[in-house]
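Descriptive analysis of the structure
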Amino acid sequence: MKLTKLADSFTLSNGVGIPCIGFGTFMGKDSGSFTAAVKAAIDAGYRHIDAAARYGNEADVGRGILESGIAREELFVTSKLINGMHGYKNTHAAFKETLADLGLSYLDLYLIHWPNPIKFRNDWAKANAESWRAFEEIYADGKIRAIGVSNFRAHHLNALAETAKVAPLVNQIRLCPGEYRQEIIEESTTRGMLIEAYSPLARGATFTRDALKKAAAAHGKTPAQICIRWCLQHGCIPLPKSSSAERVKENADVFDFELSAEEMTAINAIEDRENWSKDPDTIDF
Ligand SMILES: NC(=O)c1ccc[n+]([C@@H]2O[C@H](COP(=O)([O-])OP(=O)(O)OC[C@H]3O[C@@H](n4cnc5c(N)ncnc54)[C@H](OP(=O)(O)O)[C@@H]3O)[C@@H](O)[C@H]2O)c1
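Residues numbered from 1 in each chain as written. Predicted model: local features only at pLDDT ≥ 70, side-chain atom pairs only at ≥ 80, totals over all residues. Heavy atoms only, no water.

**Quick word on the packing of helix α2 (residues 58-68) against helix α3 (residues 88-102)**
To be explicit about the condition: Fitting a line to C-alpha atoms yields each axis, with helices limited to the stretch in contact; the angle taken between N-to-C directions then spans 0 to 180 degrees. Runs of H or I in DSSP of at least four residues are treated as helices and runs of E of at least two as strands, each being numbered from the N terminus. Working rule for angles: under 35 degrees goes down as roughly parallel, over 145 as roughly antiparallel, 65 to 115 as roughly perpendicular, anything else as oblique. Here a residue-residue contact requires only that any non-hydrogen atoms of the pair lie within 4.5 Å. Residues are grouped as follows: nonpolar covers Ala, Val, Leu, Ile, Met, Phe, Trp, Tyr, Cys and Pro; charged covers Asp, Glu, Lys and Arg; every other residue, Gly included, is treated as polar.
Packing of α2 against α3 leaves a shortest axis separation of 7 Å and a crossing angle of 45°. The angle between α2 and α3 places the two elements in the oblique class. In this structure, α2 uses Glu58, Ala59, Val61 and Gly62 to contact α3, whose residues at the interface are Thr98, Asp101 and Leu102. Among the residues making up the contact of α2 with α3, the classes are represented as 3 nonpolar, 2 polar and 2 charged.

Shown next, in the form of structure tokens:
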């Protein structure tokens with residue numbers, strides 16, 4: 001399907017539509033409420049919001065959703081299970097807290113944020129299996145429309161598959177010009193999962209690389225817009241974050257041009273290993 005606007009969707013393998021660009025809500029070092037940014041994104045036409053308990057701002061995000069005045073069923077809202085709450089009972093409790101913080105009665109997508117948090121490092125596969133059992137129950141109850149994972153590599157997916165009754169529908173990974181790792185993408189897509197691209201702008205780290213600058217000049221676009229378009233043309237869902245209403249709009253203005261095969265190849269080849277995502281099995285959180 002040709003994508004023409006923010007609300008156009010990819011389809012998950014359970015048939016649920018997912019708007020092709022999500023609005024990222026990780027604030028990093030930003031301070032203050034993120035409510036206005038979420039509202040500005042929805043005003044600009046975003047219909048997909050990527051939240052997480054770990055970001056500590058679900059109440060602000062929920063307020064932005066409420067203040068937008070857009071009907072809940074027109075939005076696609078994702079959240080993620082926080083690292084310290086893996087396991088069956090914990091997951092049920094964490095999910096309830098997330099819903100309460102966001103002020104919502106259901107989620108469109110719920111993800112296991114991290115496959116191997118330090119707290120469960122000795123028994124991560126069991127902790128994920130137990131969380132997934134809770135995910136499947138909540139999904140069966142209709143309180144989540146789709147379930148998936150984030151930062152999972154092949155061995156995490158294989159371990160989960162040993163007990164899962166419902167296969168994950170999404171893997172959210174770091175994907176941007178600078179970190180294009182086909183093997184990680186294929187690990188998920190061969191299992192029928194859709195890839196969501198987090199940090200799709202590489203937080204600006206590769207904006208000055210030649211391939212991006214050249215494509216930007218050729219199409220009269222900014223490097224950020226080229227990054228977002230590149231993700232879409234790979235069949236992945238970019239999740240750009242911005243607290244600026246201007247850049248929120250800029251990041252959505254990517255439907256009136258197409259990158260050539262040569263431009264895609266040149267951007268694929270940008271490598272920025274220094275900023276690659278960390279090894280999920282050794283990181284200290
Ligand atoms: N699953 C995970 O483990 C995981 C990890 C990281 C992120 N995520 C998700 O992915 C989302 C996006 O990732 P991210 O926040 O790490 O990075 P990103 O979206 O690649 O980059 C965000 C940074 O780029 C700036 N920016 C945004 N639009 C711009 C533009 N048009 N021109 C120049 N600069 C621009 C933003 O600044 P301003 O705000 O000042 O515009 C911000 O500093 C997160 O918000 C979160 O929802 C998930």
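**Digging into the nonpolar core**
Cut-off, in case you're wondering: Only buried residues count toward a nonpolar core, which is a set of Ala, Val, Leu, Ile, Met, Phe, Trp, Tyr and Cys residues joined through side-chain atoms within 4.5 Å. Exposure is judged per residue with a 1.4 Å probe applied to protein chains only, and the accessible area is read against the type maximum: over 50% gives exposed, under 20% gives buried, and values in between give partly exposed.
Judged by nonpolar contacts, the single largest core of 80 residues is most densely connected at Ile21, Phe23, Leu107, Leu175 and Ile267. The element best represented in this core is helix α8 (residues 223-233), accounting for 7 residues. In this structure, Ile267 is in contact with Pro177, Ala211, Leu212, Ala215, Ile226, Trp230 and Leu259, ignoring residues within four places of it in sequence.

**Quick notes on the sheet that holds strand β4 (residues 48-50)**
Strand pairing within a sheet occurs via backbone hydrogen bonds; the two strands may be parallel or antiparallel. Heads up, the rule is: At least two bridges found by DSSP between two strands are what make those strands a pair.
An order of β3-β4-β5-β6-β7-β8-β9-β10 is seen for the 8 strands of this open sheet, with the pairing classed as parallel. Each having just a single partner strand, β3 (23-24) and β10 (237-238) make up the two edges of the open sheet. In the sheet, β3 pairs with β4 via 2 bridges, with the strands oriented parallel. Note that in β4 the partner of Gly24 across the bridge is Asp50.

**A few points about the environment of Val61**
Locating Val61 in the fold gives a position in helix α2. Between the C-alpha atom of Val61 and that of Ile118, which follows or precedes it by 57 residues, the distance is 27 Å. For Val61, the residues in contact, after removing those within four places along its chain, are Thr25, Phe34, Val38, Ile49, Ala51 and Leu102.

**Considering the packing of aromatic side chains**
Rules: Note on ring pairs: Phe, Tyr and Trp rings are taken, using the six-membered ring of Trp, and paired if centres are within 6.5 Å. Classes follow the plane angle, with under 30 degrees stacked, over 60 edge-to-face and the rest tilted.
Considering all chains together, one arrives at 8 aromatic pairs under this definition. Between Phe23 and Phe34 the ring centres are 5.8 Å apart and the planes differ by 10°, which places this aromatic pair in the stacked class. In this pair, Phe23 sits in strand β3 while Phe34 sits in the loop between β3 and α1 (35-43), placing the two residues 11 residues apart along the sequence. Residue Phe34 is classed as buried on the basis of its relative accessible area, which comes to 2%. Here Tyr110 and Phe135 contribute two aromatic rings whose centre-to-centre distance is 4.7 Å and whose plane-to-plane angle is 20°, an arrangement assigned as stacked. With Tyr110 in strand β6 (residues 109-112) and Phe135 in helix α4 (residues 124-140), this pair connects stretches of sequence that are 25 residues apart. Owing to a relative accessible area of 0%, Tyr110 belongs among the buried residues under this scheme. Owing to a relative accessible area of 0%, Phe135 belongs among the buried residues under this scheme.

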